[in-house]
Amino acid sequence: MQARDILSLTPAGLYCPLADVHIDPLRPVPRALITHGHSDHARAGHGAVLATAQTLAIMAARYGEGFCGTAQAVRYGEAVTLGPVRVTFLPAGHVLGSAQILIEANGLRIVISGDYKRVGDPTCAPFEPVRCDVFITEATFGLPVFRHPDVVGEIDKLLHSLTLFPERAHLLGAYPLGKAQRLIALLRQRGYDRPVYLHGAMERLMQLYGELGIALGDLRKVEPGSRESLGGAVVLCPPGALQDLWARRFPDPVAAFASGWMRVRARARQRGVELPLVVSDHAGWDELCATIRETGAGEVWVTHGEEEALVHWCTREGLAARPLNMLGYGDDEAEAEAVAEPSA
Amino acid sequence: MNDFAELLDRLAFEPRRNAKLRLMEDFFRTTPDPERGYALAALTGGLSFRNAKPGLVRALIAERTDPVLFALSYDYVGDLSETVALMWPPPSQAGTGHNAPPPRLADVVEGLSMAAKTELPGLLARWLDALDETGRWALLKLITGALRIGVSARLAKTAVAGLGRVDPNAVEELWHGLTPPYEPLFAWLEGRADRPEGLVVAPFRPPMLSHPLDEEELSRLDPAEFCAEWKWDGIRIEAVRELTPEGRRIVRLYSRTGEDITGSFPDLCEALIAENAFVGALDGELLVLRGGRVESFNVLQQRLNRKAITPRLMQEFPAHIRAYDLLGEGEEDLRPLPFAERRRRLEALVARLAGGRVDLSPLVPFVSWEELVAARARPGEAGAGIDAEAVEGVMLKRRDSPYVPGRPKGLWYKWKHDPHLVDAVLMYAQRGHGKRSSYYSDYTFGLWRSGPEGEELVPVGKAYFGFTDEELKELDRFVRRETVNRFGPVREVVHTGERGLVLEVAFEGVQQSTRHKSGVAMRFPRISRIRWDKPPREADRLDYLAGLLPRGETMKTRAGKT
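These numbers come from a predicted model, not from an experiment.

### Some thoughts on the overall build of chain A
Helices and strands together make up the secondary structure of chain A, namely 10 helices and 19 strands. The C-alpha atoms of chain A give 20 Å as radius of gyration, which agrees with the globular expectation for 344 residues (20 Å, within 12%). In terms of its C-alpha atoms, chain A occupies a principal-axis envelope of roughly 65 × 45 × 35 Å. Relative to its 344 residues, chain A shows a buried fraction of 61%.

### Details of the side chain of Arg398 of chain B
All names here are of chain B. Structurally, Arg398 can be placed in strand E10 (residues 391-398). Within polar-contact distance, the side chain of Arg398 engages the side chain of Glu225 at 3.1 Å. Look past the residues within four positions of Arg398 in its chain and what remains in contact with it is Glu225, Phe226, Phe339, Gly410, Leu411 and Trp412.

### A look at the sheet that holds strand E13 (residues 196-198) of chain A
Residue and element names in this part refer to chain A. Strand order in this open sheet of six strands is E14-E13-E15-E12-E16-E17, and the pairing throughout is parallel. The strands lining the two open edges of the sheet, one partner per strand, are strand E14 (219-221) and strand E17 (275-277). Here the strands of the sheet are splayed against their neighbours by 30° on average, with no regard to which way each runs. Relative to strand E16 (residues 254-258), strand E12 (residues 170-173) is paired through four bridges, and the arrangement is parallel. Considered in E16, the bridge of His170 is made with Val254. Where helix H3 (residues 151-164) meets the sheet, its contacts fall on E12, strand E15 (234-237), E16 and E17, and the angle it forms with E17 comes to roughly 155°.

### Considerations on helix H8 (residues 285-295) of chain A
In an α-helix there are 3.6 residues to a turn, and that puts residues three or four apart on one side. For H8 of chain A, every residue scored as buried is listed here: Trp285, Glu287, Leu288, Cys289, Thr291, Ile292 and Thr295 of chain A. The elements touched by buried residues of H8 of chain A are strand E11 (134-139), strand E18 (299-305) and helix H9 (307-316) of chain A together with helix H5 (67-77) of chain B. One or two residues past the end of H8 of chain A sits Gly296 of chain A, with phi positive at roughly 70°.

### Looking at the interface of chain B and chain A
Contacts between chain B and chain A engage 33 residues on the former and 32 residues on the latter. Taking both partners together, chain B and chain A bury about 2800 Å²; carbon and sulfur atoms supply 51% of that area. Between Glu274 of chain A and Arg16 of chain B there is a salt bridge whose closest N-O contact spans 3.7 Å. At the boundary of chain B with chain A, the tally comes to six residue pairs in polar contact (both at pLDDT 80 or more).

### Observations concerning the confidence of the model for chain B
Per-residue pLDDT for chain B has a mean of 89; in total, 96% of the residues score no lower than 70. This prediction of the complex comes with two scores: 0.73 for pTM and 0.90 for ipTM.

### A closer look at the sheet that holds strand E3 (residues 21-23) of chain A
Residue and element names in this part refer to chain A. Read across the sheet, six strands follow the order E1-E2-E3-E4-E5-E6 without closing on themselves; strand pairing throughout is mixed. Taken across any chain shown, the strands that pair with only one partner, and hence form the sheet edges, are strand E1 (8-10) and strand E6 (68-74). Strand after strand, the sheet turns through a mean of 30° between neighbouring axes, direction not considered. Where strand E4 (residues 31-33) meets strand E5 (residues 46-52), three bridges bridge the pair, whose relative direction is parallel.

### With respect to the packing of aromatic side chains
All names here are of chain B. Inspection of the entire model under this criterion finds 22 aromatic pairs over all chains. Between Phe4 and Phe27, the ring centres sit 6.5 Å apart and the planes meet at 55°, which makes this aromatic pair tilted. Of this pair, Phe4 sits in helix H1 (residues 2-13) while Phe27 is found in helix H2 (residues 17-30), placing the two residues 23 residues apart along the sequence. Take Phe4: its relative accessible area is 1%, and that puts it in the buried class. For Phe27, a relative accessible area of 7% gives the class buried. Note on Phe478 and Trp532: the rings are 6.0 Å apart at their centroids and 70° apart in plane angle, and the pair reads as edge-to-face. In this pair, Phe478 is assigned in helix H20 (residues 469-481) and Trp532 in the loop between strand E20 (526-531) and helix H21 (542-546), connecting sequence segments 54 residues apart. Residue classification places Phe478 among the buried residues on the basis of a relative accessible area of 6%. For Trp532, a relative accessible area of 43% gives the class partly exposed.

What counts and how
- Residues numbered from 1 in each chain as written.
- Chains lettered and ligands numbered in written order.
- Predicted model: local features only at pLDDT ≥ 70, side-chain atom pairs only at ≥ 80, totals over all residues.
- Heavy atoms only, no water.
- Helix = DSSP H or I, 4+ residues; strand = E, 2+ residues; numbered from the N terminus.
- Rg over C-alpha atoms; globule rule 2.2 N^0.38 Å.
- Buried < 20%, exposed > 50% of the residue type's maximum accessible area, 1.4 Å probe, protein only.
- Polar contact = N/O pair within 3.5 Å; in protein donor to acceptor, adjacent residues only side chain to side chain.
- Contact = heavy atoms within 4.5 Å.
- Pairing = 2+ DSSP bridges.
- Axes fitted to C-alpha atoms, helices over the stretch in contact; angles between N-to-C directions.
- Buried area = accessible area lost by both parts, 1.4 Å probe.
- Salt bridge = Lys/Arg side-chain N within 4 Å of Asp/Glu carboxyl O.
- pLDDT = per-residue confidence, 0-100.
- Phe/Tyr/Trp six-rings, centres within 6.5 Å; stacked < 30°, edge-to-face > 60°.

Structure (structure tokens):
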């Protein structure tokens, strides 16, 4: 039996026929395993869902309690038997509750990484490399130009700008799940103890992180009519809001944006970003390569992103590699792009 | 180098003109000579390094990275310097350059001009090892000769002028007598020395530019206050002729941006040297004139941007100036005078010229706007005669307008011909560069013709602007969704009679071409509308373009693949 018999690619996404489950399905299916709570991976409307408790809580917060037929929570490292298949969720270091899924069947070990990163993140459990035969990886930043710099330096850019322009509001665009909480935690680690202000769209998930035990200090909602008084404050908002009318009421706002895409200058300029912060929740090029080596996998499947380059690299390393060319994923960063207004 | 790199980086992200000025002014104020002077030279495009070329950079990165990964990265980033800056392996990995201090800009400029060609790769590699990503990016931008950070030479000079609170035009007029690192300029601006006089003979005077106009705005203007001229489809040129105190006759030709282009037109220069009636500065249009007729821009283009100016080239494409303004005569600055007065002086001067290389751009007579509308529609019948093909609209100039450098409001207007429009079908797309990097923003489009196997689309041109940022995102999405084939960086998108995307393309004209499979090339094509509603079958046919070819040109259609 080959890996392709254990996992096949269907229009709904990766499917394991032996266990009759889909992984991160793109459309409603009877049984789903969900790696993490970003909306491109965790969709509503499935029958039975198996995921970490945090991921289930995130889905419930986003879609309402009835987001699926039945939900079953699984702990990191706990093996679940589905017919002839053993399924284990392991930390992926991407966002709170994010997991890689190890599938064992017929003596083969396949790891579906979901989205992941290797650098430390105070808001989630760190990635655990797992030895396997087949490693299924993302490649959102699968080009050797994406070498994410040290996050401390990026956070310091923001702090430096705050001292340089103490009268200007610093609007920090960030994806509301994971990135936003991580940025606040990093700011706190750097000793920033003033209140952090939140765009309305940020509140629910921020509150959920609090309930799930991630302390983020003094967070305040941007009250109607209060924007004029927020000079010198850090205000977190969805990236799309940076160009909104909403942003213009702040005192001489600085448009900052935290994303791995900010590594490429033209990307930042296209969005009208003045203060680009290169902070990514996805593995950069070196992390992707190192992780593939660490898993010891002889075969690599690349789900989405810049798969061509990573497949080329694997082939050069003597690994069997195939691009899955999966559409519909990679939208957590892309989604942030899509909601943005055009910059003039 | 680090300060300069940081300046470039901040400028690249700063959209506001005033903030850019402030950043540059602060830099010039706080950075010592000669570092700031070299920075000014870099910002004004005044540095060029003969032996440091993009090829050198490509060779260096090729030694250090996988060629396929580099090609994919370059395609994604869309900028050579940035791709190399990001991919450059850290020195620990390459095993060279331990803790070398980063070079100063002056080290780089002097190093690049002194180093022998064979020393350059090693020198550049050591610098790249010593710099951080921003530093590498700035260094590579500098030596590949294109900063592209949204700062014009004019803006940089304006910032420098701000140091001494002088008018930027005062800097402009000195400019051609100065060389990097401009220490006398900074000394003057900081009040430490006198204005560096007498350095420049036959200086450039920044040109006056016009605003576009449409028929509706026209109705709000009073025809009695304006003169009209043809808008010639050539290039703007300023011709300055002076006598030095020793009696030497000097001629300089400048482009509209102040670039000295005298060397490209020895024929014109020689003819002007001989015009002893003329001492002063003329503003006009550079054209090719053959057999008493102005040739189209297509013909003029064959004279421009040539490396070697051969006698044959000059004979085949004789350069000519059609003058429309006189900025100075003898010692007298005419720019404060009203247009009508300058025009009288110009007419008198041109009448005294002997060589025939300069003539007068005629006024277009009109009393009412209706008459001008008619003249614009049919220039041939309104006085342009056989030169009508080289007319691309009309210019309106207020009779009382002084000559104001820059684009002052309410004085001069340009009213161009309406562009041609054609509905074409999107066939291929490529990722763009610069501002459009990583989006599929370069579009090849085609028109229908009858082929051996029935109706077929033949590519006729490429366009990469004309759409809004929002439309770009939609087009990008369409390309990704509808790709049927990939050829390296090029994506072929679906283009059958039933499925595909129709683009309304605006363009200024066509010329015959042996490079295009269709046999024609469009001039200045841009996307004017996206016709999501129109089935590709209903797009236009190639015959339509053939009908627009200038006299004497035919379509040289080629069979087979391009």
